[in-house]
Amino acid sequence: MSAATWGFLMLLGLIWGGSFFFARIAVQHVPPMTLVLVRVSLAALALHLIFFRLPDFYRTLAANWRQLLVLGLINNAIPFTLIFLGQTRIGAGLASILNATTPLWTVIVAQMLTTDEKISAAKLIGCALGLAGMVLLIGPAALGIADSPLWAKLAVVGAAISYGFAASFGKRFKGVSPRVTATGQLTASSLIMLPLALAVDQPWTLPVPPVDVIAAILALALVSTAFAYVLYFRILSQAGATSASLVTLLVPPSAILLGILFLGETLSFTEAMGLVLIALGLMSLDNRLGWKGRSKGAPPAP
């Protein structure tokens with residue numbers, strides 16, 4: 001990846017780290033499906049207001065509506081709902097660590113569905129390290145010796161798997177403006193979540209959330225979703241699915257720091273070791289540990 005792409009990746013990591021912080025605040029007052037609906041619909045509205053004057057904007061949206069509907073489902077509706085469900089019981093830091101397994105699932109999915117991002121020795125080692133880290137994070141809950149419930153952790157892992165499919169599927173939008181892709185997928189996911197939120201949560205019966213929660217929701221929608229996805233699809237078009245998914249390596253440190261500073265969260269030694277293994281796995285996936293045997297099509301180390 002170029003220096004500019006790495007810069008975008010680092011900025012996106014900071015923004016998405018904040019999303020776990022904002023979500024942890026919001027899910028204490030707003031049910032997960034309603035929160036997803038508000039997040040994606042506000043973000044979609046903001047992007048429509050910003051980009052509607054662009055030439056051929058709506059013509060391009062209409063031409064790609066089927067693919068955008070699928071992308072909205074697997075890149076927004078499913079993973080956002082699973083993450084918010086998980087965050088009703090686990091903290092922002094742990095959720096961000098589990099989400100950091102996204103590149104591992106992206107590699108596996110890319111092996112099955114793409115021809116230009118095949119598994120290499122470095123990627124196999126990276127997957128092994130990352131999965132070992134995930135076992136450390138999930139294992140104690142399965143044995144009943146940790147406070148965080150297993151289902152909440154598995155929900156966030158399920159979101160990471162969904163993101164893995166979305167990263168490979170999103171490559172088909174390489175010739176489409178990131179502005180169009182971001183707006184289209186958020187519009188599609190809004191349409192998907194609307195009937196679900198109305199049926200499950202009945203949001204009209206919910207009390208008005210406090211001011212700090214409203215502020216967190218606005219930051220989640222406008223900064224961590226609308227602006228973030230324009231950045232993400234630009235990175236995806238420039239660097240490919242595996243490299244774009246490396247942003248999750250940068251998310252946990254910022255989410256953990258915000259959780260410790262403002263939410264009183266802590267990170268256990270076992271969870272910290274899981275984070276280290278996942279970080280080493282992601283570095284290996286980007287060929288930063290010097291492993292030999294990088295396959296054709298794997299992202300080169302700059």
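Here the structure is a predicted model, which is why all the values come from computation and not from measurement.

Looking at the overall build of the protein
Regarding its fold elements, the protein presents 13 helices and zero strands. Its helices and strands in sequence order give the protein the pattern α-α-α-α-α-α-α-α-α-α-α-α-α, from N to C terminus. Residues classed as buried in the protein amount to 53% of the 302 residues present. When the accessible surface of the protein is totalled, it reaches about 13000 Å², and 70% of it is carbon and sulfur.

Description of the side chain of Thr-225
With respect to the secondary-structure elements, Thr-225 resides in helix H10 (residues 211-239). Since its relative accessible area comes to 0%, Thr-225 is described here as buried. A polar contact is formed between the side chain of Thr-225 and the side chain of Arg-39, at a distance of 2.5 Å.

With respect to unusual backbone geometry
In this model, Asp-56 sits at a positive phi of 60°, which is unusual for a non-glycine residue. On the secondary structure map, Asp-56 appears in the loop between helix H2 (32-51) and helix H3 (57-63). With relative accessibility at 45%, the residue Asp-56 sits in the partly exposed group. For Gln-202, which is not glycine, the phi torsion reads 45° and is therefore positive. When you line up the elements, Gln-202 lands in the loop between helix H9 (178-200) and H10. Relative accessible area serves as the criterion here: at 38%, Gln-202 is assigned to the partly exposed category.

What about the packing of H2 against H10?
Between H2 and H10, the shortest axis-to-axis distance is 8 Å and the interhelical angle comes to 55°. Classified by the interaxial angle, the pair formed by H2 and H10 is oblique. In terms of crossing hand, the pair formed by H2 and H10 is right-handed. Facing Leu-35, Val-38, Arg-39, Leu-42, Ala-43, Ala-46, Leu-47 and Phe-51 of H2, the residues of H10 in contact are Ile-217, Leu-218, Leu-220, Ala-221, Leu-222, Ser-224, Thr-225, Ala-226 and Val-230. In terms of residue class, the contact of H2 with H10 is built from 14 nonpolar, two polar and one charged.

Observations regarding the nonpolar core
In summary, soluble globular proteins display a tendency toward joint burial of nonpolar side chains. By size, the foremost hydrophobic cluster in this structure holds 66 residues, and its most contacted members are Leu-12, Trp-16, Leu-35, Phe-84, Tyr-229 and Tyr-232. Counting residues per element, this core draws most heavily on H10, at twelve residues. Excluding its chain neighbours within four sequence positions, the residues that come into contact with Phe-84 are Ala-23, Val-27, Pro-32, Leu-35, Val-36, Arg-39 and Leu-220.

Concerning the confidence of the model for the protein
With 83% of its residues at a pLDDT of 70 or more, the protein shows a mean pLDDT of 82. Low pLDDT, under 50, characterises residues 293-302; the predicted model gives this stretch 25 contacts beyond four residues in sequence or across chains.

Focus on helix H4 (residues 65-87)
Each full turn of the α-helix corresponds to 3.6 residues, which orients residues three or four apart in the same direction. Along its 23 residues, H4 runs 31 Å from first to last C-alpha, staying within 8% of the 33 Å computed at 1.5 Å per residue. Approximately 35° is the largest bend angle found in H4, and it occurs at Leu-73.

Section: the pattern of salt bridges
In total, this model carries one salt bridge according to the counting rule given. Notably, a salt bridge pairs Asp-56 with Arg-59, separated by 3.4 Å at the nearest N-O pair.

A short note on a nonpolar patch on the surface
Side chains of Leu-136, Phe-269, Met-273, Val-276, Leu-280 and Met-283 sit close together on the surface and give an oily, nonpolar patch of about 490 Å² of accessible area. With five residues, helix H13 (residues 269-285) is the single largest residue contributor to the nonpolar patch. Judged by relative accessible area, Met-273 falls into the partly exposed class, the value being 33%.

Examining the side chain of Asp-201
Within the secondary structure, Asp-201 sits in the loop between H9 and H10. Arg-39 provides the closest opposite charge to the buried, salt-bridge-free Asp-201, at an N-O distance of 14 Å. Separated by 2.8 Å, the side chains of Asp-201 and Thr-34 make a polar contact.

With respect to the packing of aromatic side chains
Centre distance and the angle of the planes are the two values used to describe a pair of aromatic rings. In total, this model carries eleven aromatic pairs according to the counting rule given. Both rings, one in Tyr-232 and one in Phe-233, keep their centres 5.2 Å apart while their planes meet at 70°; by these two values the pair is edge-to-face. This pair shows no difference in class: Tyr-232 is buried, exactly as Phe-233 is. Clustering of aromatic rings is evident, with ring pairs tying together Trp-16, Phe-80, Phe-84, Tyr-229, Tyr-232 and Phe-233.

Definitions and cut-offs
Sequence order as written defines residue numbering, which begins from 1 separately in each chain. Local features in this predicted model are restricted to residues of pLDDT 70 or higher, and side-chain atom pairs are both shown and tallied only at a pLDDT of 80 or more, whereas totals for entire chains, interfaces and linings draw on every residue. Heavy atoms from the whole structure form the basis of all side-chain values; hydrogens and water molecules are not counted. The secondary structure listing takes helices from DSSP runs of H or I that are at least 4 residues long and strands from runs of E that are at least 2 residues long, numbered from the N terminus. Three exposure classes are used, based on accessible area relative to the maximum for each residue type with a 1.4 Å probe and protein chains only: buried under 20%, partly exposed in between, and exposed over 50%. Using a 1.4 Å probe, accessible areas were evaluated by the Shrake-Rupley method; residue-level cover was limited to the displayed protein chains. Think of a polar contact as two N or O atoms within 3.5 Å of one another; within protein, one of them needs to be a possible hydrogen donor and the other a possible acceptor, and neighboring residues in sequence only count if both atoms come from side chains. Every axis corresponds to a line fitted to the C-alpha atoms, with the helix fit spanning only the stretch in contact, and the corresponding angles, defined between N-to-C directions, vary from 0 to 180 degrees. Note on terminology: angles under 35 degrees are roughly parallel, angles over 145 are roughly antiparallel, angles of 65 to 115 are roughly perpendicular, and the others are oblique. Left-handed describes a crossing in which the near helix is turned anticlockwise from the far one by less than a right angle; the clockwise case is right-handed. In this analysis, two residues are considered to be in contact whenever any of their non-hydrogen atoms come within 4.5 Å of each other. Polar here means any residue outside two lists: the nonpolar Ala, Val, Leu, Ile, Met, Phe, Trp, Tyr, Cys and Pro, and the charged Asp, Glu, Lys and Arg; Gly therefore counts as polar. Working definition of a nonpolar core: buried Ala, Val, Leu, Ile, Met, Phe, Trp, Tyr and Cys residues. They are joined through side-chain atoms within 4.5 Å. pLDDT measures how confident the predictor is about each residue, on a scale from 0 to 100. Given a helix with a known number of residues, its expected span is that number minus one, times 1.5 Å. At every residue, the bend is computed as the angle between two fitted axes, covering the seven residues ending there and the seven beginning there respectively. For this document, the term salt bridge refers to a Lys or Arg side-chain nitrogen within 4 Å of an Asp or Glu carboxyl oxygen. For patch building, the residue pool is restricted to those with more than 30% relative accessible area and no salt bridge; the joining distance is 9 Å between like charges and 5 Å between nonpolar side chains (Val, Leu, Ile, Met, Phe, Trp, Tyr). His is not counted, nor are the chain ends, whereas Lys and Arg count as positive and Asp and Glu as negative. Planes of paired rings set the category: under 30 degrees apart is stacked, over 60 is edge-to-face and the rest tilted, where pairs are Phe, Tyr or Trp rings (Trp by its six-membered ring) whose centres lie within 6.5 Å.

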